[in-house]
Amino acid sequence: MVYSRDYEQKYPANPVENPDRVRLPAEELRAASYRIIKPEPASLDAIRKVHGSEHIDRVRKSGHYEAAALAAGGAICAAELAMKGEPAFALVRPPGHHAAANRAWGMCYFNSMAIAIKSIRPKAKRALIIDIDLHFGDGTVSIFRGDLNVKIVNPWSVDEDFEYLNMDESRYLGQVKEAFQGFDCDVVGVSAGFDTYIEDWGRLLKTEDFFKIGKVIKEGSKICGGRRFAVLEGGYHPDLRWCIKSFIEGFD
Ligand SMILES: [Zn+2]
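Read on for an overview of the structure. Fair warning: this is a prediction, and the values are worked out from it, not measured in the lab.

What counts and what doesn't
- Residues numbered from 1 in each chain as written.
- Predicted model: local features only at pLDDT ≥ 70, side-chain atom pairs only at ≥ 80, totals over all residues.
- Heavy atoms only, no water.
- Helix = DSSP H or I, 4+ residues; strand = E, 2+ residues; numbered from the N terminus.
- Rg over C-alpha atoms; globule rule 2.2 N^0.38 Å.
- Buried < 20%, exposed > 50% of the residue type's maximum accessible area, 1.4 Å probe, protein only.
- Areas by Shrake-Rupley, 256 points an atom, 1.4 Å probe, with all protein chains shown as cover.
- Donors = N, O, S within 2.8 Å, 3.2 Å for Na, K, Ca; no water.
- Salt bridge = Lys/Arg side-chain N within 4 Å of Asp/Glu carboxyl O.

1. So, the overall build of the protein chain
Point 1. What the protein chain contains, in helices and strands, is 9 helices and 5 strands.
Point 2. For the protein chain, the succession of helices and strands along the chain, N to C, is α-α-α-α-β-α-β-α-β-α-β-α-β-α.
Point 3. For 252 residues, the compact-globule estimate of 2.2 N^0.38 gives 18 Å, and the C-alpha radius of gyration of the protein chain, at 16 Å, lies within 12% of that figure.
Point 4. By principal-axis analysis of the C-alpha atoms, the protein chain measures approximately 45 × 40 × 35 Å.
Point 5. The buried share of the protein chain, reckoned over its 252 residues, is 57%.
Point 6. Only carbon and sulfur atoms are counted for the fraction: they give 49% of the accessible area of the protein chain, which is about 11,000 Å².

Shown next, in the form of structure tokens:
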């Protein structure tokens, strides 16, 4: 687990994006004896690989720069651990997958996943990103659009039959499995949002389904020597800690 107590800081966020989102899961994971690694903030150089200077200035003026840079630093740290063969989960806030190069919304400021993928690029050329957040990771998709070395799968969003209302956990899991087909990669990054949880906004997945997702990704990542990491995105129900723990038990 990549974690810093600084992730518990209050900053002017939407009240649903509160410090307990990471504080409570961190307590659970600490009690379960997962190793904790403290990240450094992402450097300006690393952030600049993804974001334009106007956007960076806007984030600075909004008072979110330090928090967003530390979240991105957590993602980089997790990606580097993955490259060393150690699966890692970055328990960070704020989330990042709605941050594009020059704009951001949805409680996001810097795109931590994109910054992490670009930071490990010299070693990991091809990346598979699986975004299991309820919401489509538009920021990440826009950053990597046209980049043939990155494949991004947003299960549930990729629904060719438009059968959204018939989605269930087995179809969802099927889409996670399919993510690994037809693409050779060097690393797998998971934008791990948990707002698909049955009691959260998405009303779809149970706690144990996150275990299954973690497991499927662990198995799938054998195509790249098991190099895998995950970064927390959304998830707003107080059960978030159980969802995260369940995912990690499958993923580890
Ligand atoms: Zn979300």
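2. Here we look at the coordination of the zinc ion
Point 1. With distances of 2.0 to 2.1 Å, the protein atoms coordinating the zinc ion are D133 (OD), H135 (ND1) and D195 (OD).
Point 2. One chain supplies every donor to the zinc ion, and in sequence these donors are spaced D-x1-H-x59-D. Here D195 lies in the loop between β4 (187-192) and α8 (207-220) and H135 lies in the loop between β2 (127-131) and α6 (138-144), a separation of 60 residues in the sequence.

3. Here's the deal with the pattern of salt bridges
Point 1. Evaluated as defined, the whole model comprises 12 salt bridges.
Point 2. The salt bridge partner of E17 is R21, with a shortest N-O separation of 2.8 Å. Considered together, E17 and R21 belong to a single accessibility category, that of buried residues.
Point 3. D147 serves as the salt-bridge partner of R121, at 2.7 Å between the closest nitrogen and oxygen. A residue pair is termed long-range when its members are at least 10 positions apart, and R121 in the loop between α5 (112-119) and β2 and D147 in the loop between α6 and β3 (150-153) qualify at 26 residues.
Point 4. A relative accessible area of 23% means that R121 is categorised as partly exposed.
Point 5. Several salt bridges converge on common partners, so that one network encompasses E169, K206, D209 and K212.

4. Structural notes on unusual backbone geometry
Point 1. Note that the residue after R93, namely P94, is joined by a cis bond; omega there is 0 degrees.
Point 2. With respect to the element layout, P94 can be found in the loop between β1 (88-90) and α5.
Point 3. Residues other than glycine seldom take positive phi values, yet M107 does so here, at roughly 70 degrees.
Point 4. A positive phi is found at R203, a non-glycine position, where the angle reads about 55 degrees.
Point 5. The topology assignment puts R203 in the loop between β4 and α8.

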